[in-house]
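Close look at the chain arrangement
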Amino acid sequence: MKKIICTMGVLVLISTALVGCGKSKSNTSSDKPYGAGATSKKVSSTATNSTSAQSSTSGNSKTNNDDSLNVDAKTVGMLLVLKAKIMTIDELKDFQYYYVPSNSPYAKEFVKDKDTNNYTANGDGLADVFYKISNGNVSYHYEKVIGSEAVADATSFHKVVALKDLVKEFYGNAQQKSQIDALVAKVKIQSAAQ
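With that settled, the discussion passes to the pairing of strand β6 (residues 155-162). Across the 8 residues of β6, 8 count as buried, placing the element largely inside the fold. In β6, alternate side chains face the same way, and those of Thr155, Phe157, Lys159 and Val161 on one face and Ser156, His158, Val160 and Ala162 on the other are all buried. Relative to β6, strand β5 (residues 137-144) is paired through 8 bridges, and the arrangement is antiparallel. Counterpart to tyrosine 142 in the pairing with β6 is phenylalanine 157.

Now the structure itself:
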């Protein structure tokens, strides 16, 4: 378990570096393996720029400057689970997720980037999403098994989405808000190892 947590921490650090490097290049998607042999995992990253402002200091921070973006970090995590197609809304109804706020002692123990939040299922990592909200964008990382890959060799994806686009896609109308709010209400906050 500690090996998985340590690996995930390293991947989050790598994803943050990749996101920073990707902002100076065009907004394209790549399925090329990461780094010159640095790791065997493949990385795919996409960047979308946005001019809307957002503040994130605590696990329950709210966005500002736009009432339609009044979404806390816990809700953003649920939207990312859907965006990454980790699970569908129907699958999530019977599933237990845990939210690890960036300011929790547990997050600081295994995620070295102080502003990174995490949605976890406390399993093999394939249901997890790590994310950071900054300047109206959400950079996020998750892993998926592609084809016949073993879980340990799952492909690592690092992406950036404009918060306003994420909210519009998954939280933009009353029905979506109702469904997401019900799912988020079930999510437990994890502040220590379980």
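Following the structure, the description resumes.
As a further point, take the nonpolar core. Generally speaking, a soluble globular protein has its nonpolar side chains buried in company with each other. In terms of nonpolar packing, the biggest core is built from 34 residues, with Tyr119 and Tyr131 touching the most fellow members. Elements with a minimum of two residues in this core: α2 (73-83), β4 (129-134), β5, β6, α5 (163-170) and α6 (174-186). With 7 residues, the single largest contributor to this core is α2.

Within the secondary structure layout, lysine 83 lies in helix α2. The exposure class assigned to lysine 83 is partly exposed, which follows from its relative accessible area of 28%. Setting aside its immediate chain neighbours within four residues, lysine 83 contacts Tyr140, Val161, Leu166, Glu169 and Phe170.

On to the side chain of glutamine 176, then. Inspection of the secondary structure assignment puts glutamine 176 in helix α6. Engagement of the side chain of glutamine 176 in a polar contact is seen with the backbone nitrogen of glycine 172, the distance being 2.8 Å. In contact with glutamine 176, not counting residues within four places along its chain, are Lys168, Glu169, Phe170 and Tyr171.

The rules behind these values
- Residues numbered from 1 in each chain as written.
- Predicted model: local features only at pLDDT ≥ 70, side-chain atom pairs only at ≥ 80, totals over all residues.
- Heavy atoms only, no water.
- Buried < 20%, exposed > 50% of the residue type's maximum accessible area, 1.4 Å probe, protein only.
- Helix = DSSP H or I, 4+ residues; strand = E, 2+ residues; numbered from the N terminus.
- Pairing = 2+ DSSP bridges.
- Core = buried A, V, L, I, M, F, W, Y, C linked by side-chain atoms within 4.5 Å.
- Contact = heavy atoms within 4.5 Å.
- Polar contact = N/O pair within 3.5 Å; in protein donor to acceptor, adjacent residues only side chain to side chain.

Spatial relationships are all this shows, so hold off on functional conclusions.
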